[in-house]
Amino acid sequence: MRFNIQMDTQQLHAFLAIAETESFSKAAEQLHLTQPAVSKRIACLEESLGCKLLDRIGRSTRLTEAGQALLPRAKKILYEFSDTHNALSKLSGSVQGTLKLATSHHIGLHHLPVILRHYTEQYPQVNLELVFLDSDKAYEAIQHGDAELAIITLAQHKPLAITHLPLWQDKLCFVSAADHPLASNKHLLLQDLGKYPAILPDAETTTTKLIKSLMDSANIGLTLAMPTNYLETIKMMVSIGLGWSALPKTMLADKQLKTLEIPNIELIRTLGCIHHKDRSLSNAADALLYHLQNSSSDTVK
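Note that the coordinates shown come from a computational prediction; the quantities given were computed from them, not determined experimentally. (Residues numbered from 1 in each chain as written. Predicted model: local features only at pLDDT ≥ 70, side-chain atom pairs only at ≥ 80, totals over all residues. Heavy atoms only, no water.)

**Student:** Go over the overall build of the protein chain, please, and point to the residues and values.
**Tutor:** Within the protein chain, the secondary structure is distributed over 11 helices and 9 strands. Dimensions of the protein chain, computed from C-alpha atoms along their principal axes, come out at roughly 75 × 50 × 35 Å. Nonlocal contacts in the protein chain, meaning residues at least 24 apart in sequence, comprise 74% of its contacts between residues at least 6 apart. Entry remark: accessible area of the protein chain is about 16600 Å², with carbon and sulfur atoms responsible for 52%. A distance of 1 Å separates the average location of the 29 positive side-chain charges in the protein chain from that of its 30 negative side-chain charges. (Helix = DSSP H or I, 4+ residues; strand = E, 2+ residues; numbered from the N terminus. Contact = heavy atoms within 4.5 Å. Areas by Shrake-Rupley, 256 points an atom, 1.4 Å probe, with all protein chains shown as cover. Lys, Arg positive; Asp, Glu negative; His and termini not counted. Charge placed at Lys NZ, Arg CZ, Asp CG, Glu CD.)

**Student:** Give me the lowdown on the packing of helix α1 (residues 9-21) against helix α3 (residues 35-49), citing residues and values where you can.
**Tutor:** Here α1 crosses α3 at 110°, and the two axes come no closer than 9 Å. On the basis of their axis angle, the class for α1 and α3 is roughly perpendicular. Of the residues in α3, those in contact with Gln-10, Gln-11, Leu-12, Ala-14, Phe-15 and Ile-18 of α1 are Val-38, Arg-41, Ile-42, Cys-44, Leu-45 and Ser-48. When grouped by side-chain class, the residues that make up the contact of α1 with α3 number 8 nonpolar, 3 polar and 1 charged. (Axes fitted to C-alpha atoms, helices over the stretch in contact; angles between N-to-C directions. Parallel < 35°, antiparallel > 145°, perpendicular 65-115°, else oblique. Nonpolar A, V, L, I, M, F, W, Y, C, P; charged D, E, K, R; others polar.)

**Student:** Residue-level account of the nonpolar core, with values.
**Tutor:** Counting 23 residues, the largest nonpolar core has Tyr-119, Leu-149, Ile-151, Trp-168, Leu-288 and Leu-292 as its most contacted members. Put simply, the parts of the chain that give this core at least two residues each are β3 (97-103), α6 (113-122), β5 (149-153), β6 (162-176), β9 (267-276) and α11 (283-293). Tallying contributions element by element places α11 first for this core, with 6 residues. Not counting chain neighbours up to four residues away, the residues in contact with Ile-151 comprise Leu-101, Ala-102, Thr-103, Ser-104, Ile-107, Leu-112, Leu-167, Trp-168, Gly-272, Cys-273 and Leu-292. (Core = buried A, V, L, I, M, F, W, Y, C linked by side-chain atoms within 4.5 Å. Buried < 20%, exposed > 50% of the residue type's maximum accessible area, 1.4 Å probe, protein only.)

**Student:** Pulling in residues and values, what's your account of the environment of Ala-17?
**Tutor:** Tracing the chain through its elements places Ala-17 in helix α1. Between the alpha carbons of Ala-17 and Glu-29 there is a distance of 9.7 Å; along the sequence they are 12 residues apart. Setting aside its immediate chain neighbours within four residues, Ala-17 contacts Ala-27, Gln-30 and Leu-31.

**Student:** Can you break down a negative patch on the surface residue by residue, with the values?
**Tutor:** Taken together, the side chains of Asp-134, Asp-136, Glu-140 and Asp-202 present a region of like negative charge at the surface. Considering the arrangement of structural elements, one finds Asp-202 in the loop between α8 (190-193) and α9 (206-217). (Patch = residues over 30% accessible without salt bridge, like charges linked within 9 Å, V, L, I, M, F, W, Y side chains within 5 Å. Salt bridge = Lys/Arg side-chain N within 4 Å of Asp/Glu carboxyl O.)

**Student:** Report on the environment of Leu-188, specifying residues and quantitative values.
**Tutor:** The residue Leu-188 is located in the loop between β6 and α8 in this model. Along the chain, Leu-188 and Trp-244 lie 56 residues apart, while their C-alpha atoms are 13 Å from each other.

**Student:** Go over the packing of aromatic side chains, please, and point to the residues and values.
**Tutor:** Scanning the model with the defined rule gives 2 aromatic pairs in all. Aromatic pair Tyr-119 and Tyr-123: ring centres 5.3 Å apart, planes at 55°, arrangement tilted. The same class applies to Tyr-119 and to Tyr-123, which are both buried. Taken together, a centroid distance of 5.7 Å and an interplanar angle of 65° make the contact between Phe-174 and Trp-244 edge-to-face. Here Trp-244 lies in the loop between α10 (231-239) and β7 (245-248) and Phe-174 lies in strand β6, a separation of 70 residues in the sequence. A relative accessible area of 0% places Trp-244 in the buried class. Over the ring of Phe-24 we find Arg-56; its NZ or CZ atom is 3.8 Å from the centre of that ring. (Phe/Tyr/Trp six-rings, centres within 6.5 Å; stacked < 30°, edge-to-face > 60°. Lys NZ or Arg CZ within 6 Å of the ring centre and 35° of its normal.)

**Student:** Can you explain α6? Please cite residues and give values.
**Tutor:** For α6, the full list of buried residues reads Ile-115, Leu-116 and Tyr-119. The buried residues of α6 all sit within an arc of 90° when viewed along its axis, so they share a single face. Residues of α6 that are buried make contact with β3, β4 (126-132), β6 and α11. (Arc of directions from axis to C-beta.)

**Student:** Describe the pattern of salt bridges, with residues and values.
**Tutor:** Taken as a whole, this structure holds 6 salt bridges when the rule is applied. Across the pair Lys-212 and Asp-216 runs a salt bridge, and its minimum N-O distance is 2.9 Å. Of the two residues, Lys-212 and Asp-216 are both situated in helix α9; the distance of 4 residues between them amounts to about one turn of the helix. Judged by relative accessible area, which is 43%, Lys-212 ranks as partly exposed. For Asp-216, a relative accessible area of 40% puts it in the partly exposed group.

**Student:** So, the pairing of β3: which residues are in play, and what are the values?
**Tutor:** With 7 bridges connecting them, β3 and β4 associate as parallel partners. Among the inter-strand pairings, Leu-99 is bridged to a residue of β4, identified as Leu-128. Bridging between β3 and β5 involves 3 bridges; their strand directions are parallel. Residue pairing for β5: Leu-101 is matched across the bridge by Leu-149. (Pairing = 2+ DSSP bridges.)

Structure representation (structure tokens):
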């Protein structure tokens, strides 16, 4: 087998997009290209490597054995290329290029709009790619080089390879529907929550781990019903009486829910920004970090 090692990063980006979506058409949408353009890039990559990388089976596309072998290497090549580009671009001092930022839906809606508006106005040459991910998935994206920065709920047990920058203290409030039995209890205790189902995010999220730890320390059972990571969906389900929850105080301004006051209990999670310790941050990322640190009087000092 003979190899022609002439390939470019555009071909590898097309290959990774297809591997992720299992579809040429979806990959084309993700890359803002036509499907024939994506097909041409894959054909050139397969010609360069001298082997078939993808099999089309019905409407889906799967990696061949060679494709599976290429996948981690392609990610590493693109990571090293991006890191090298960032290191060299910092020499010029210009703030431009692509900045891939991962964040959760809640933070994207309630904390970032003003910050990102000011940032994009000041640095119009930056192409900001915003990706919405749950916090645990955002950690994976940073570790694998799929995003340069992530603004998320910081994990309680922090991976050593990740740099953590605390930004905001996010107070959580226990809530229920106004006509829920818990809402009429004027002497509410933590034990009372254990009598009813809770509607919380997935068990692996920092928020649910925080609440479960609190309940476990008091030997109180926690019954989880219909977990979902979309806080607006949780708010709706709680409002119709399906259970209690703990939601950020920023979501409770409209009085749809009843706040449950429990003496001596305070739930606070830390929101912040993470990036890989071994990755050279671009000037665009450094500029956004500066905006984040100086954005609010609520920033953690």
